[in-house]
Amino acid sequence: MNMQTLTGLLTVLFVAGTASAQTPPPANPDGTTVIVQGEKPGRPHPWLKAGSPHFTVYSDTSRGHVRELLENLERFRYVLNNLSHIDEEPAGAPKFTLYYLADAEDLAIINPERPNRAAGLYEACEEGAQGFAVDRPGPAYAEQNAAEQPENEGQTLIFQAYARYFFRSHFPQRAPLWYIEGYARYVSTMRFEDKTAILGLPPYSTDAYLRGLDTRYPSRLDYKDVLNDNDWFSNRRGETGALQNDVAAKRNRQRVTDQGPAELARSENVRLAAEFTSRSWLLTHWILSSPERAQKLAAYDAAVQAGERRVDAFSRLFGSSAVSLDVVLRKYLLKELKPGRMAVPGLPLPDVTFDDLPVPADNLMLENAALQGCPSAAYGRRLLGDVRNEAAGHPDNPVAQMVLSRAEILYGDPGAALPWLQKTAQANPADFEAGYLLGRAELKLAETTDNPDDYEAAESALTRASGLQPNSATNAFWYYRARVSGNDHIEADAAGAAVMAWRLAPEVDAYVFHTALVDGQAGDTATATRLFNQLATDPRPGPWAKPAKAWLARLKAGAGKADFLAAIVTPEKPDAGWQGQVDWTLNTTAVLGDVIRQQDEDDKLRMQAKAFWSPPADNSTPQGGQTLPNAAQEKIGEQDALRFDAL
């Protein structure tokens, strides 16, 4: 499906819904307490595994919270599929794996590069795709008057993260980033009322953040930055010619602070990301509110692909310059923004199953997940040491030994994993994980010895595993690698396995890259070029962007089938570091609280420097929270004050 089809569908439901909307969507009522990620100490529950038709969840929270999460995720997915006219997948299709955590600090075990105020993480690499979210209990939406109820921000953040994954897994577009972020935020506040889905409600923190820009606190970005995809995560230079971290200095908006450079950079990066997402949401909402504007988005995308500057293309097609957008969108936010409604007669209420996991899983669950995120070699070796120490105390426990086997294959000695995997696969021939890891261990050894018998053993193990889970993208990919490694040709079943992995998980850049190689070797350079371009032009470039750009240059220079075959047999590896895509979700409410506190500190320091500052009156700041000053207040729904009690 292309972007034009998606925007058309969104616009139909949006306009149909706003026809009956009489009032702007209300925000949280005055005094609502905001629960911030990480507020739950320790792990009150042992790890459990839960399943629904399309999701597998591992969690150390309560069964009740997991059941509610899965029921809402299934309904959210169902609506997105209907919205995009995507058919239901056949039985046996792979499920999305999500880790639902009681403590946000556990995200640092998955990836120690966790940014400030992270509330979720999505990873995709050769080992597969997985998501992580933090349990942040909020109000449950009633079936009546759902649009008027306080927002469950924890659910909003999870929906936002899943919407990004949904977009990447169903649409080839990786840009414009502002639209993908805006789309994810637009659908993230989805609520269900009877047989209706409500979309486009403003996320509370996003709405509040935008209303305070340049009144309560200065902005760090403008719409030129947004149109050029200059967000922190992308870490790229846009047409402004300056990195996002230079934006504040360029506009003389430096913070007056006693923070150190590293701490300041982290907080400013998160602030830039939150502002980019907020502005992207408002821009996308404005476009989707009009069929005429929505139809122009496909033309805008085509113009940019043809080489026209993004800001110029937008101004020509939408009639608004990057400068005038500030005025247009602020008016839209304050006076015109309304939600949309979509009739969904068949909202599912899925069956949810639960299994308690054995005790060793408590100490190895997160390490096992971290290993499947393709971490850097240094962090992988650290994880290997931790797993070895823990598994040594559980020599007869299959969970501990399975995790140890994965760690040895990826970052240690695959030969050490072989005896246990061979024994387990023989004793339990229906155990997919054991058979799959056995094939991976054999392949890792074969790559070291270059022994044809080892390659054959890897192929056999992975073939048996494919019989157990024929729709496993990871198994298909590593079968392809076993068939082509150390060979001087590529056979049809190997090429088919590479393409199958990509079709099952098109969001994984490694699968996209290798499918491009296979297409090029088969003589289909047009498809190879398109796939390489998809990686090379990603505004949030992953580790495969650089080799993709190199291949585009080689194609231009006349690379042929022999060049593709050489790259397939002896594959390129991305530069050292994290080997997959890493996509963080931020707690925007917490970021907004930080911004207000930082601005208060800056104001205080400036006033002190001028000898004008004095302590505020006793009633100017409610205990445990912040209020927007009267001069900057613009009512958020019926709310006159913004409180951050949990911050």
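Here we summarise the structure given alongside this text. (Residues numbered from 1 in each chain as written. Predicted model: local features only at pLDDT ≥ 70, side-chain atom pairs only at ≥ 80, totals over all residues. Heavy atoms only, no water.)

### Digging into the environment of leucine 334
Considering the arrangement of structural elements, one finds leucine 334 in helix α12 (residues 322-336). For the pair leucine 334 and arginine 211, spaced 123 residues apart in the sequence, the C-alpha separation amounts to 8.3 Å. (Helix = DSSP H or I, 4+ residues; strand = E, 2+ residues; numbered from the N terminus.)

### Some points on empty space enclosed by the protein
This model, assessed by the stated rule, comprises four cavities of 30 Å³ or more. As a volume, the largest cavity reaches approximately 180 Å³. Along its surface, the largest cavity is lined by 20 residues, and Leu98, Phe132, Ala133, Ile158 and Ala161 are the ones closest to its centre. Those elements giving two or more residues to the lining of the largest cavity turn out to be β3 (96-101), β4 (118-125), β5 (128-134) and α4 (153-170). Here the lining of the largest cavity gets six residues from one element, more than from any other, and that element is α4. Per-class residue counts for the lining of the largest cavity are 15 nonpolar, four polar and one charged. (1 Å grid on protein atoms, 1.4 Å probe; cavity = no way out; pocket = protein on both sides within 12 Å on 5 of 7 lines; lining within 4 Å. Points joined across faces, edges and corners; volume = space filled by probe spheres on them. Nonpolar A, V, L, I, M, F, W, Y, C, P; charged D, E, K, R; others polar.)

### Quick word on the state of the cysteines
For the coordinates displayed, the defined rule picks out one disulfide. With its sulfur 2.0 Å from that of its partner, cysteine 125 forms a disulfide with cysteine 374. Its S-S torsion of approximately 80° makes the covalent link between cysteine 125 and cysteine 374 right-handed. Here cysteine 125 is found in strand β4, whereas its partner cysteine 374 is found in the loop between α13 (360-371) and α14 (377-392), with 249 residues between them in sequence. Judged on exposure class, the residue cysteine 125 and its partner cysteine 374 are both buried. (Disulfide = S-S within 2.5 Å. Buried < 20%, exposed > 50% of the residue type's maximum accessible area, 1.4 Å probe, protein only.)

### Here's the deal with the sheet that holds β5
Pairing within the open sheet is mixed, and its seven strands lie in the order β9-β1-β2-β3-β5-β4-β10. Edge positions in the sheet fall to β9 (353-356) and β10 (581-586), since each of these pairs with one other strand and no more. Ignoring strand direction, the axes of neighbouring strands in this sheet form an average angle of 20°. Direction of pairing for strand β1 (residues 48-51) relative to β9: antiparallel, over a ladder of four bridges. Looking across to β9, one finds that glycine 51 is bridged to threonine 353. (Pairing = 2+ DSSP bridges. Axes fitted to C-alpha atoms, helices over the stretch in contact; angles between N-to-C directions.)

### Topic: the pairing of strand β2 (residues 55-59)
Burial runs high along β2: five of the five residues are buried. Bridge count for β1 against β2 is four bridges, and the pairing is antiparallel. If you follow glycine 51 over to β2, its bridge partner there is threonine 56. In this structure, the hairpin formed by β1 and β2 is closed by a connection of three residues.

### Quick notes on the packing of aromatic side chains
Applying the stated criterion across every chain, the model contains 30 aromatic pairs. Look at phenylalanine 432 and tyrosine 436: their rings are 5.8 Å apart centre to centre, the planes differ by 10°, and that puts the pair in the stacked class. Within this pair, phenylalanine 432 and its partner tyrosine 436 are both found in helix α17 (residues 432-449), separated by four residues, close to a single helical turn. Neither phenylalanine 432 nor tyrosine 436 differs from the other in exposure class; each is buried. Among the aromatic side chains, those forming a connected cluster through ring pairs are Phe167, Phe171, Trp178, Tyr179, Tyr183, Trp286, Tyr300, Phe314 and Phe318. Sitting over the ring of tyrosine 223, arginine 279 keeps its end group 4.8 Å from the ring centre. Across the ring face of tyrosine 480, the terminal group of arginine 481 is positioned such that the distance to the ring centre comes to 5.1 Å. (Phe/Tyr/Trp six-rings, centres within 6.5 Å; stacked < 30°, edge-to-face > 60°. Lys NZ or Arg CZ within 6 Å of the ring centre and 35° of its normal.)

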